[in-house]
Amino acid sequence: MAIDKFVTIESTAVPLPIENVDTDQIIPARFLKATTRDGFGDNLFRDWRYDKNDQPKPNFVLNRNVYSGTILVAGKNFGSGSSREHAAWAIYDYGFKVVVSSFFADIFKNNALNNGLLPVQVSEDFLNKLFEAIEQDPGAKINVDLENQVITLLTTGEKESFEINSYKRECLINGYDDIDYLLSLKDKIVEFEQSRV
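Draft legend 1. Main features of the overall build of the chain. A count of helical and extended segments in the chain gives eight helices and eight strands. Per-residue burial for the chain yields a buried fraction of 45% across its 197 residues. Sequence separation of at least 24 residues holds for 65% of the intrachain contacts in the chain that already meet a minimum separation of 6. If you sum the accessible surface of the chain, you get close to 10600 Å²; carbon and sulfur atoms cover 46% of it.

So, in structure tokens, the structure goes:
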């Protein structure tokens, strides 16, 4: 699967200050029957976004026009629960490129990285500053610099570094999935094999 190249994103953000959001809340199990990755964004947070008559719930953050952007700022312990890769698909398909939280479930974090979605883990203090800034000004912008592994709240200039696996960092920067990465090394692999003859 080809993914978008990711170096730096500067965007407004959508706040979801709810802790322990699990993968069934991100994409309910009844929507996992599709065989392609397309269309999952339509059902992102489905039971929170829509009522039983499929009408948008006006108070849910994704239904409020005041919030927009390609960055989702979420509460602690995001992506817990089952290991469904569809959760990362739904967030990415909806249009988010980054999820910021103070803690991610490991399986969700790996699924996100494998699907072009960058999970940025920050301190609880910095996360709270992001929530406060967005609440005061929904137009507040955040800069995520993957190359230098730094996230910056542009309204105040406050920044924090974040960790990422170096292999996954290279894949995201170049828009590679695992197969693309291997293909990028084809000349080196051929050269190595020829040197062994």
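There is more to say, and it comes next.
Draft legend 2. Seen up close, the pairing of strand 8 (residues 158-161). Here four bridges tie strand 7 (residues 150-153) to strand 8, and the two strands are oriented antiparallel to one another. Bridging across to strand 8, Thr152 finds its partner in Lys159. Linking strand 7 back to strand 8 in an antiparallel pair, the connection comprises four residues, with Gly157 at a positive phi of about 85 degrees.

Draft legend 3. Helix 3 (residues 86-94), seen in detail. Of all nine residues in helix 3, seven are buried; the element is thus mostly enclosed. Residues of helix 3 that are buried: His86, Ala87, Ala88, Trp89, Ala90, Ile91 and Tyr92. The elements touched by buried residues of helix 3 are helix 1 (23-26), strand 4 (98-101) and helix 4 (106-114). Just beyond helix 3, the residue with positive phi is Gly95, at close to 125 degrees.

Draft legend 4. Region of the structure containing the packing of helix 3 against helix 4. Contact geometry of helix 3 with helix 4 gives a least axis separation of 8 Å together with a crossing angle of 50 degrees. By the angle between their axes, helix 3 is oblique relative to helix 4. Crossing of helix 3 against helix 4: the hand is right-handed. In this structure, helix 3 uses Ala87, Ala88 and Ile91 to contact helix 4, whose residues at the interface are Phe108, Asn111 and Ala112. Grouping the constituent residues of the contact of helix 3 with helix 4 by class yields five nonpolar, one polar and no charged.

Draft legend 5. Molecular detail of helix 6 (residues 166-174). The complete set of buried residues in helix 6 reads Lys168, Cys171, Leu172 and Ile173. Between a side-chain oxygen at the N-terminus of helix 6 and the backbone nitrogen of Tyr167 the separation is 2.8 Å; the capping residue is Asn165. Two residues or fewer past helix 6, Gly175 is found with a positive phi of approximately 70 degrees.

Draft legend 6. Expanded view of the sheet that holds strand 3 (residues 71-74). Strand order in the open sheet formed by four strands is 2-3-4-5, and the pairing between neighbours is parallel. Two strands in the sheet have a free side with no partner beyond their single neighbour: strand 2 (13-16) and strand 5 (118-121). Each neighbouring strand pair of the sheet contributes to a mean axis angle of 20 degrees, computed without reference to strand direction. One ladder, built from four bridges, connects strand 2 with strand 3; its direction is parallel. In the strand pairing of strand 3, Pro15 is matched with Val73.

Draft legend 7. Layout of the sheet that holds strand 8. With antiparallel pairing, four strands are arranged side by side in an open sheet as 1-6-7-8. Strands with a single pairing partner mark the edges of an open sheet, and in this sheet they are strand 1 (8-11) and strand 8. Here the average twist between neighbouring strands, direction ignored, is 10 degrees. The strands touched by helix 5 (residues 124-136) are strand 6 (142-145), strand 7 and strand 8; relative to strand 7, the strand with the most contacts, the crossing angle is about 35 degrees.

Draft legend 8. Structural view of the side chain of Ser80. Examined against the element boundaries, Ser80 turns out to sit in the loop between strand 3 and helix 3. Excluding anything up to four places from it in sequence, Ser80 contacts Asn20, Val21, Asp22, Thr23 and Ala105.

The rules behind the values
Residues numbered from 1 in each chain as written. Predicted model: local features only at pLDDT ≥ 70, side-chain atom pairs only at ≥ 80, totals over all residues. Heavy atoms only, no water. Helix = DSSP H or I, 4+ residues; strand = E, 2+ residues; numbered from the N terminus. Buried < 20%, exposed > 50% of the residue type's maximum accessible area, 1.4 Å probe, protein only. Contact = heavy atoms within 4.5 Å. Areas by Shrake-Rupley, 256 points an atom, 1.4 Å probe, with all protein chains shown as cover. Pairing = 2+ DSSP bridges. Axes fitted to C-alpha atoms, helices over the stretch in contact; angles between N-to-C directions. Parallel < 35°, antiparallel > 145°, perpendicular 65-115°, else oblique. Left-handed = near helix turned anticlockwise from the far one by under 90°. Nonpolar A, V, L, I, M, F, W, Y, C, P; charged D, E, K, R; others polar. Polar contact = N/O pair within 3.5 Å; in protein donor to acceptor, adjacent residues only side chain to side chain.

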